[in-house]
Structure formats: structure tokens, C-alpha cells
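Coordinates in review
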Amino acid sequence: MADRTKYFIGNWKMFGLSGSYKILERINSFIQRDKKNNKKYKVIIAPPFTLLDSFSKRFKGKKIKIAAQNCYEKDNFGAHTGSISPFMIKKTGVNFIILGHSENRALGEDDKVIKLKVSLAIKNKLNVIFCIGENKKEKKNKQTLPVLKRQILSVLKKGYKFNNIIIAYEPVWSIGSGRVPSPVELKKIVIFLKKFVNKKIKSKIQPKLLYGGSVDKKIIYNLKSVRELDGFLIGGASKSSKNFIDIIKNFYK
Ligand code: PGA
């Protein structure tokens, strides 16, 4: 039977101090109390590098899981000032990592670099949340599907198993803008992407596919009609426990 587990993943970006663990504690105790639905979903929060070690220790064995937001494209230790390798991330106890986020692509991270990062992350047994998405201009020029195909084919290798890779479809024009694709538009893309990955990467496992971009407690009502979605990558609204919890509550309402 297909795994129907939903994912609610929070991307804190450049946010959070050591006391911010309280946000995670509130989310974690909500999950514990949410007996009706808590077997149906998983919650992962990605704080900045500075908090990975302390958060992963504090929340070890708890419902909530911790993710890194990026890594360097070389492994182990090395002369790379300011960089953090997938090996170092794994050693903090973290098991997930966001890669290919459009904010990093905008800073010059290309498909080649992302491909390296993904393969090193998998080598270190990190579960990858791989972000793809078209920008405003590409959407306007009807390039959405070719762009998504290119991003997938240049990073994911044939034979990758999708038990450790989650794809997050995040249209760049939607991130932080309050604009989201219509449910009809989104459904088409989600179905296309799932089929495309199975066919091209020859994965036997159906990839998990999330949507990200301006997800909040109101928009979730529209998005949940896209039943093929396996969850959401949430930026701004994940910095408040109340907003984040409301997204989960409204999803299951
Ligand atoms: P947003 O960010 O929810 O604030 O639009 C999503 C993301 O960048 O992952």
C-alpha cells in the first residue's frame, strides 16, 4: 500500500537563537496531544547551522525532527573557511537536509553543485529535501515543465531510491509573495512530476512531493484539495508555533 504520510517541514532560513527551542517544544507537545491525526504526519524543522547541534540533542527521540538548510559541496574536513560538510551535519545527529533552495540557487548554486551536495548528503545517510521550481519569467514563458525536468535530470541520478529523497516543488514567484498556484495548476504539476521521476530516474518507490511557497493557515484550505501532495515546505509561517500548528490543524479539519 502506498505510504500516505504527510510532511510539514519548516524552513527557518536566517532566523532563530538558542531560546527558540521553545517554538519547537510547543509544536512537539501539540503533536503529542494530537492523538487523532499524529500518526498521519511528520514534522521537521530546519533551523540555522548555529542551532543544529543543540536542537538535535534536545529533540532526540521526540516527535519533531531537525533538518539542516544546506551544506558545502565537499565532504569531511577541509580548508574551506566558513563551510560545513554533510559529514559534520550528520555528526550533530541531524538526519534531514534541504538542498537546492531557490534562495541559494539565486546566490549562484547551480545544478552541478546541487548534484554533488545531494550525492554527498545521501552518502552520509542524510534524507534530502530537494527543492525545485520555476521563476516568474520562466512561468510567463511557459517554461515551467522544461525547467523542472532540467532541475531533476541534472541532479537526481538514475537508480536513486526515493525512500531518502523528498522533492519540494517551490515556484520561486510564490516564495514569500503570498501568491500560490491554483489547485488545478498545482495538481497538474504534481502528477506530472511524480510520473516523470518514476519514469526517468527509474525509481520503484513513488517520490514524496511537497509544495512550498507562501503556505499559511488560510492558503492551506485551498492547497489541501490537491490530494496527490505529500505535504508542505513552510517558510515564514514556521517561525511561530501558533501559525505552524494552525496549518496542521486546518489541514485535517
Ligand atoms: P515561504 O517560504 O513559506 O515564506 O514562502 C518557503 C520556502 O522558501 O521554503
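First things first, this report covers the structure right here in the doc. (Residues numbered from 1 in each chain as written. Predicted model: local features only at pLDDT ≥ 70, side-chain atom pairs only at ≥ 80, totals over all residues. Heavy atoms only, no water.)

**Section: the packing of helix H7 (residues 144-153) against helix H8 (residues 183-200)**
This is how the line gets drawn: A fitted line through C-alpha atoms represents every axis, and for helices the fit uses only the stretch in contact; the resulting angles, taken between N-to-C directions, go from 0 to 180 degrees. Here a strand is any run of E in DSSP of at least two residues, a helix any run of H or I of at least four, and the numbering for each starts at the N terminus. Throughout, a crossing is termed right-handed when the near helix is turned clockwise from the far one, and left-handed when it is turned anticlockwise from it by less than a right angle. For this analysis, residues touch if any pair of their heavy atoms sits within 4.5 Å. Polarity classes work like this: nonpolar for Ala, Val, Leu, Ile, Met, Phe, Trp, Tyr, Cys and Pro, charged for Asp, Glu, Lys and Arg, and polar for all others, with Gly in that last group.
At a closest axis distance of 11 Å, the pairing of H7 and H8 adopts a crossing angle of 35°. As H7 packs across H8, the resulting crossing turns out to be right-handed. Contact with H7, carried on its side by Thr144, Leu145, Leu148, Lys149, Ile152 and Leu153, involves Ile189, Phe192, Leu193, Phe196, Val197 and Lys200 of H8 and no other residues of that element. Residues belonging to the contact of H7 with H8 are distributed by class as follows: nine nonpolar, one polar and two charged.

**So, the nonpolar core**
As a reminder, the rule being used: Nonpolar cores were defined as sets of buried Ala, Val, Leu, Ile, Met, Phe, Trp, Tyr and Cys residues, with membership established by side-chain atoms within 4.5 Å. Classification of residues uses two cut-offs on accessible area relative to the type maximum, computed with a 1.4 Å probe and protein chains only: under 20% is buried, over 50% is exposed, and between them is partly exposed.
Counting residues in each nonpolar core, the largest one holds 64 residues, and the members touching the most others are Phe8, Val43, Val118, Phe130, Leu156 and Phe232. When near neighbours in sequence (up to four residues on either side) are disregarded, Phe130 contacts Leu99, Arg105, Ile114, Val118, Gln151, Ile152, Val155, Leu156, Ile165, Ile166, Ile167 and Ala168. Among the nonpolar cores identified, the runner-up in size contains 13 residues, and Ala67, Ile98, Cys131 and Leu233 belong to it.

**Looking at the pairing of strand E7 (residues 208-212)**
Along any regular strand, the residues point their side chains to alternate faces of the sheet. Which entries qualify depends on this criterion: Any two strands with at least two DSSP-identified bridges between them are counted as paired. We call a crossover right-handed when, viewed with the strands running away from us, the connection from the first strand over the helix to the second turns clockwise.
Counting buried residues along E7, five of its five residues qualify, which places the element largely inside the surrounding structure. Neither face of E7 is exposed, since Lys208, Leu210 and Gly212 on one face and Leu209 and Tyr211 on the opposite face are all buried. Relative to E7, strand E6 (residues 165-169) runs parallel, the two being bridged by four bridges. Bridge pairing in E7 places Ala168 opposite Leu210. Where the polypeptide runs from E6 across H8 and back to E7, its parallel neighbour, the crossover connection is right-handed. Strand direction decides the pairing type here: E7 and strand E8 (residues 231-234), joined by two bridges, are parallel.

**So, empty space enclosed by the protein**
For clarity, the cut-off: In this analysis, the protein atoms alone were mapped onto a 1 Å grid. Cavities are point sets where a 1.4 Å probe fits without being able to get out; pockets are open sets with protein on both sides within 12 Å along at least five of seven lines; lining residues have an atom within 4 Å of a point. Grid points are joined across faces, edges and corners, and a volume is the space filled by probe spheres set on the points.
Within the structure shown, the criterion is met by one cavity of 30 Å³ or more. Counted as a void, the largest cavity has a volume near 30 Å³. Around the largest cavity sit Gly100, His101, Ser102, Arg105, Cys131, Ile132, Gly133, Glu170 and Val172, which together line it. Residue assignment for the lining of the largest cavity shows that the elements contributing at least two residues are helix H4 (102-105) and strand E5 (127-132). Partitioning the lining of the largest cavity into residue classes produces three nonpolar, four polar and two charged.

**Focus: the pattern of salt bridges**
The cut-off we apply is this: By definition, a salt bridge exists where a carboxyl oxygen of Asp or Glu is found within 4 Å of a side-chain nitrogen of Lys or Arg.
Under the counting rule described, the total for this entry stands at 14 salt bridges. Taking the shortest distance from any N to any O, the salt bridge between Asp230 and Lys194 comes out at 2.8 Å. One end of the pair, Asp230, is in the loop between helix H9 (219-223) and E8; the other, Lys194, is in helix H8, with 36 residues separating them in the sequence. In this structure, Lys217 and Asp246 form a salt bridge, with 3.7 Å as the shortest nitrogen-oxygen distance. Of this pair, Lys217 sits in the loop between E7 and H9 while Asp246 sits in helix H10 (residues 241-252), placing them 29 residues apart in sequence. A network of salt bridges, in which partner residues are shared, links Asp3, Lys194, Lys208 and Asp230.

**What about the sheet that holds strand E3 (residues 65-68)?**
If you trace the eight strands once around the closed barrel, you get E1-E2-E3-E4-E5-E6-E7-E8, paired in parallel fashion. For this sheet, the mean angle separating the axes of adjacent strands, direction not counted, is 25°.

**A closer look at the site of the ligand**
Which entries qualify depends on this criterion: Near is defined per residue: the residue qualifies when any heavy atom it owns lies within 4 Å of the molecule or strand. Residues adjacent in sequence count toward polar contacts only when both atoms are side-chain atoms; beyond that, a polar contact is any pair of N or O atoms within 3.5 Å, and within protein one must be able to donate a hydrogen and the other to accept it.
The full set close to the ligand counts 13 residues, and Lys13, His101, Glu170, Gly176 and Ser214 are the nearest of them. In this structure, an oxygen atom belonging to the ligand sits 3.5 Å away from a side-chain N or O atom of Asn11. Of the residues assigned to the shell around the ligand, the class counts are four nonpolar, seven polar and two charged.

**A closer look at the packing of aromatic side chains**
This is how the line gets drawn: Classification of ring pairs rests on two measures: the distance between centres of Phe, Tyr or Trp rings, Trp counted by its six-membered ring, which must be within 6.5 Å, and the angle between planes, read as stacked under 30 degrees, edge-to-face over 60 and tilted in between. Working rule: Lys NZ or Arg CZ, within 6 Å of ring centre, within 35 degrees of ring normal, means a charge sits over the ring.
Using the criterion set out here, one finds 13 aromatic pairs in the structure. Taking the centre distance of 4.9 Å and the plane angle of 80° together, the rings of Phe251 and Tyr252 count as edge-to-face. Classification of Tyr252 by relative accessible area gives buried; the value is 18%. The lysine or arginine in question, Arg58, covers the ring of Tyr21, its NZ or CZ lying 3.5 Å from the ring centre.

Interpretation note: all reported values are geometric properties and have no functional meaning in isolation.
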